[in-house]
Amino acid sequence: MNLKRIFSWVMSMSIIGGIALAQSVERFEHQPVDQYRQSIVHTEFDASDTHKVVSCYNVQSDNKIVQKTVSADEGVEIYAFTEWNLKDDDAKGLIKFNSSAPGQMTSVKRLDIWATAGAYAEEDYYIMANDNSFNPTLFTVDLTTGELSETSITCTGADGYPLQAFEMSYDVYGRVMYMLANSPFDPEGYNSALLTVDLSTGEQVYVDENMGRHFYTLAIDAEGVMYGVDGSGMLCKIDKFTGDITEVSSTGLRPFYRQSMDFDRETGIVYWVCSSTQRYGVLYTLDVKTATTQLLGAIGKDEQQVIGVHVPYSLYRHDAPSYVTNLTITPDAGGEKKATLTWTCPTTTIGGDPLESIECVEISRDGVVVATLDNAQPGQSMTWNDEVE
């Protein structure tokens, strides 16, 4: 299956007029495109029934998903949540560190909450913890201040018995949060269950009630491909729709107790804070093609339980086309299901450089492409008439 890279500017609007949201992104879609129309474009609409999306594309010829490279000296910033720390009790809570020097950990804020898993989704960092009644509950944490949200969402579902997650990962492609929990369908209580959890309602839904083995980590790349490391240290590819497992290779590490890993979605590198039978809270990189690991060092003063690893990422490039301007939607004066869209194509990239060309313009209605215009030029004023049958 070939991967094509699409750079787009997106504006969402209702047929009765009024712009709901505008956001520039880099969007990845698989071929055939029609099969994967749910993209990672983060767009919200207003309450009307019919919506329009106008997208301007520059299609690149290469199939690489990697957007940038990171030197070992430069490193990447990583956030996580310390469940406990044997050498520095004040470090419990939200922490951050750079992959080039993980020992120089910073405590963003001490939080006395028993969190068991965490992951970043959309614009929030989520943790799952027990509330005062020991119910699995979703909280959000401000990555700048470390403040815990005043509101929380109590989890439901999972056949009436919501489970406590011990690892979470967000699929930016499908916009779904996944979680691992101990399977209640395993008589031994060891195997994992794979579930989705709705971030708005807290509802948990099983993907696989019993995966047949215990997984310690979960991470999903920018294409929506899911990986996990099991109790033997085997790296596996996991079907996010069925829970079916394909072994990649052994990592050579033996996981022990809770831990976490996350993709840098801009480079494809996995950062794994591993607790093994040898050490707690040690940072590795993990190559998902070969299962090869590289030791980067212990987190902070060592000997701490780290969950909820998050590597900040951006889903757009600075050379992507900038926002559309002068966008209007004029409904039919006679009340027919018709509308006229007008807009001006961008002349610059998001980074402010001159935009040399535009591959095409796509217009979508309710998530379905209804028109593709191939003659667009930077700065061009364009008009398109829509009619709903």
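Residues numbered from 1 in each chain as written. Predicted model: local features only at pLDDT ≥ 70, side-chain atom pairs only at ≥ 80, totals over all residues. Heavy atoms only, no water.

1. Section: the pairing of strand S27 (residues 360–365)
Quick reminder of the rule: Burial classification: accessible surface area is computed with a 1.4 Å probe over protein chains only, and a residue below 20% of its type maximum counts as buried, one above 50% as exposed, and the rest as partly exposed. Put simply, DSSP marks the helices as runs of H or I at least four residues long and the strands as runs of E at least two long, and each gets a number from the N terminus on. A pair of strands is treated as paired once DSSP finds two or more bridges between them.
Summarising burial for S27: six of the six residues are buried, a large majority. The side-chain alternation of S27 yields two buried faces, one formed by Cys360, Glu362 and Ser364 and the other by Val361, Ile363 and Arg365. Relative to strand S28 (residues 368–373), S27 is paired through five bridges, and the arrangement is antiparallel. Of the residues in S28, the one forming a bridge with arginine 365 is valine 368.

2. With respect to the sheet that holds strand S15 (residues 203–208)
The strand order across the open sheet formed by five strands is S11-S15-S14-S13-S12, and the pairing between neighbours is mixed. Across the chains shown, the open sheet's two edge strands, defined by having one partner strand only, are strand S11 (156–157) and strand S12 (167–171). Bridge count for S11 against S15 is two bridges, and the pairing is parallel. Counted as the bridge partner of threonine 156 is glutamate 203 from S15.

3. Considering the packing of aromatic side chains
Note the cut-off: Aromatic pairs are defined between Phe, Tyr and Trp rings, using the six-membered ring for Trp, whenever the two ring centres lie within 6.5 Å; interplanar angles under 30 degrees are classed as stacked, those over 60 as edge-to-face, and all others as tilted.
Tallied over the entire structure, the rule returns four aromatic pairs. Aromatic side chains tryptophan 272 and tyrosine 284 sit 6.4 Å apart centroid to centroid with 45 degrees between the ring planes, which places their arrangement in the tilted category. A residue pair is termed long-range when its members are at least 10 positions apart, and tryptophan 272 in strand S21 (residues 269–274) and tyrosine 284 in strand S22 (residues 282–286) qualify at twelve residues. Residues tryptophan 272 and tyrosine 284 agree in their burial class; the two are buried.

4. Structural notes on the nonpolar core
Our working rule: Here, nonpolar core refers to any group of buried Ala, Val, Leu, Ile, Met, Phe, Trp, Tyr and Cys residues whose side-chain atoms link them within 4.5 Å. Contacts were defined at the residue level, with two residues in contact if any of their heavy atoms lie within 4.5 Å.
Counting residues in each nonpolar core, the largest one holds 22 residues, and the members touching the most others are Met128, Met168, Met177, Met179 and Leu195. Among the elements of the structure, strand S7 (115–121), strand S8 (124–130), S12, strand S13 (176–182) and strand S14 (192–197) are those that each provide at least two residues to this core. Not counting residues within four places of it along the chain, the set of residues in contact with methionine 168 comprises Ala117, Gly118, Ala119, Tyr126, Met128, Leu138, Met177, Tyr178, Met179 and Leu218. The next biggest cluster of nonpolar side chains, apart from the first, holds 16 residues, and it includes Ile363, Ala376, Met382 and Trp384.

5. So, the confidence of the model for the protein
Let me state the cut-off plainly: A score between 0 and 100, pLDDT records how confident the predictor is in each residue.
Of all residues in the protein, 77% attain a pLDDT of 70 or more, and the chain-wide mean is 78. Note that pLDDT drops below 50 for residues 1–52; the model gives that stretch 175 contacts with residues more than four away or on any other chain. Across residues 59–67, confidence stays below pLDDT 50; counting only partners more than four residues off in sequence or on other chains, it has 23 contacts.

6. Looking at the pattern of salt bridges
Our working definition: We define a salt bridge as a side-chain nitrogen of Lys or Arg found within 4 Å of a carboxyl oxygen belonging to Asp or Glu.
Considering all chains together, one arrives at eight salt bridges under this definition. Residue glutamate 247 pairs with arginine 213 through a salt bridge whose shortest N-O separation is 3.1 Å. Of this pair, glutamate 247 sits in strand S19 (residues 245–250) while arginine 213 sits in the loop between S15 and strand S16 (219–220), placing them 34 residues apart in sequence. Arginine 213 sits in the partly exposed class, given a relative accessible area of 22%. Members of the salt-bridge network, linked through shared partners, are Arg213, Asp230 and Glu247.

7. Quick word on the sheet that holds strand S25 (residues 325–331)
Worth spelling out the cut-off: As a rule, the C-alpha atoms of each element are fitted with a line to give its axis, helices using only the stretch in contact, and angles between N-to-C directions run from 0 to 180 degrees.
As summarised here, the arrangement of the three strands in space is S25-S26-S29, forming an open sheet in which the pairing is antiparallel. On the outer flanks of this sheet lie S25 and strand S29 (381–387), each paired with one strand and no other. The sheet shows a mean angle of 15 degrees between the axes of neighbouring strands, taken without regard to direction. Inspection of the sheet shows strand S26 (residues 338–344) paired to S29 by seven bridges, in the antiparallel sense. Counted as the bridge partner of tryptophan 343 is methionine 382 from S29.

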